[in-house]
Amino acid sequence: MVEKDLSIGYNTIKVCGKFNNIKDFYYLFIMLTEILLGGVAGLLYGAVIGYLKYALLWKKTIKKEESIAMSAVTKRMVANYAVNLLALLFVFLLRNVMPFDFMWPLLGTAVALSVATRLAPMHEVMKYVEPSNKAEERIE
């Protein structure tokens, strides 16, 4: 029978189709706990960063209900992506400090930031974008 090496975090289990003793169950429990805790920590961190990003970049724009230049929207979109990259970089740089494997918080953070970006009401922002002069010249 071929052995599979399932390595996640600090623990490694050799699985030959069945568990030989209670120690194997313990290591599996530890691995699954690391995955769950790391993923939840990443989701929470990403959700907080996603909400702060929305509150600081887009909420004021929507509440003003005034026209906004497309260049200002573009700058905010670039800042949006920069914040996403910095949040992921922060998780990566803390990989040696975390009590679990950094892959799961990184994945949770990426998922939460993606969901937060998709939930941001960009259609509301685009209502107030004024057309640039160059676009108007091309239309006429």
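First, a word on scope: everything that follows refers to the structure included in this document. (Residues numbered from 1 in each chain as written. Predicted model: local features only at pLDDT ≥ 70, side-chain atom pairs only at ≥ 80, totals over all residues. Heavy atoms only, no water.)

With respect to the packing of aromatic side chains
Across all of its chains, the model carries three aromatic pairs by this definition. Relative to tyrosine 27, the ring of tyrosine 26 has its centre 5.8 Å away and its plane inclined at 55 degrees; by these criteria the two rings are tilted. Classification of tyrosine 27 by relative accessible area gives partly exposed; the value is 25%. One Lys or Arg, arginine 95, reaches over the ring of phenylalanine 92 and ends 4.1 Å from the middle of that ring. (Phe/Tyr/Trp six-rings, centres within 6.5 Å; stacked < 30°, edge-to-face > 60°. Buried < 20%, exposed > 50% of the residue type's maximum accessible area, 1.4 Å probe, protein only. Lys NZ or Arg CZ within 6 Å of the ring centre and 35° of its normal.)

Some words on empty space enclosed by the protein
Gaps between atoms show up when a probe of the same size as a water molecule is rolled over them. On inspection of all chains with the given rule, the structure shows one cavity of 30 Å³ or more. There is about 40 Å³ of room inside the largest cavity. If you trace the largest cavity, you find it lined by Gly50, Lys53, Tyr54, Trp58, Asn80, Ala116, Thr117 and Ala120. Elements supplying a minimum of two residues to the lining of the largest cavity: helix H1 (22–57) and helix H4 (103–119). If you tally residues by element for the lining of the largest cavity, the top one is H1, at three residues. (1 Å grid on protein atoms, 1.4 Å probe; cavity = no way out; pocket = protein on both sides within 12 Å on 5 of 7 lines; lining within 4 Å. Points joined across faces, edges and corners; volume = space filled by probe spheres on them. Helix = DSSP H or I, 4+ residues; strand = E, 2+ residues; numbered from the N terminus.)

Regarding a nonpolar patch on the surface
Together, Leu43, Leu107, Val111, Val115 and Leu119 make up a nonpolar patch on the protein surface, roughly 450 Å² of accessible area in all. Mapped onto the elements, leucine 107 comes out in helix H4. (Patch = residues over 30% accessible without salt bridge, like charges linked within 9 Å, V, L, I, M, F, W, Y side chains within 5 Å. Areas by Shrake-Rupley, 256 points an atom, 1.4 Å probe, with all protein chains shown as cover. Salt bridge = Lys/Arg side-chain N within 4 Å of Asp/Glu carboxyl O.)

Concerning helix H3 (residues 70–93)
With 24 residues, H3 should cover 34 Å at 1.5 Å per step; its first-to-last C-alpha distance of 34 Å lies within 8% of that length. Of the positions making up H3, those classed as buried are Val73, Asn80, Asn84, Ala87 and Val91. At its buried positions, H3 is contacted by H1, strand S3 (68–69), H4, helix H5 (122–127) and strand S4 (129–130). (Expected span 1.5 Å × (residues − 1). Contact = heavy atoms within 4.5 Å.)

Examining the environment of methionine 98
By the element assignment, methionine 98 lies in the loop between H3 and H4. Sequence separation between methionine 98 and glycine 38 is 60 residues, and the spatial gap between their C-alpha atoms is 8.9 Å.

Here we look at H4
Here H4 contains 17 residues, and its C-alpha end-to-end distance of 24 Å stays within 8% of the 24 Å for a straight helix at 1.5 Å per residue. Within H4, the full set of buried residues consists of Pro105, Gly108, Thr109, Ala112 and Leu113. Taken end-on, H4 shows its buried residues confined to a sector of 130 degrees, consistent with a single buried face. For H4, the secondary structure elements touched by its buried residues are H1 and H3. (Arc of directions from axis to C-beta.)

Here's the deal with the nonpolar core
Counting residues in hydrophobic clusters, the biggest one holds eight residues: Leu57, Trp58, Ile62, Ile68, Val73, Val125, Tyr128 and Val129. Setting aside anything within four residues of it in sequence, one finds isoleucine 68 in contact with Thr61, Val73, Arg76, Tyr128, Val129 and Glu130. (Core = buried A, V, L, I, M, F, W, Y, C linked by side-chain atoms within 4.5 Å.)

Re the packing of H3 against H4
The geometry of a pair of packed helices is captured by two quantities: the angle between their axes and the separation between those axes. Put simply, H3 and H4 touch, their axes get as near as 9 Å, and they point 165 degrees apart. With respect to H4, the axis of H3 lies roughly antiparallel. Seen along the crossing, H3 lies across H4 with a hand that is right-handed. Facing H3, whose interface residues are Asn80, Asn84, Ala87, Leu88, Val91 and Phe92, H4 presents Pro105, Leu106, Thr109, Ala110, Leu113 and Thr117. (Axes fitted to C-alpha atoms, helices over the stretch in contact; angles between N-to-C directions. Parallel < 35°, antiparallel > 145°, perpendicular 65-115°, else oblique. Left-handed = near helix turned anticlockwise from the far one by under 90°.)

Focus: the packing of H1 against H3
With their axes 11 Å apart at the nearest point, H1 and H3 run at an angle of 155 degrees to one another. It follows from the interaxial angle that H1 and H3 lie roughly antiparallel. Relative to H3, the crossing made by H1 is right-handed. Here Tyr45, Ile49, Lys53 and Leu57 of H1 lie close against H3, whose contacting residues are Arg76, Ala79, Asn80, Val83, Asn84, Ala87, Phe90 and Val91. Residue composition of the contact of H1 with H3, grouped by class: eight nonpolar, two polar and two charged. (Nonpolar A, V, L, I, M, F, W, Y, C, P; charged D, E, K, R; others polar.)

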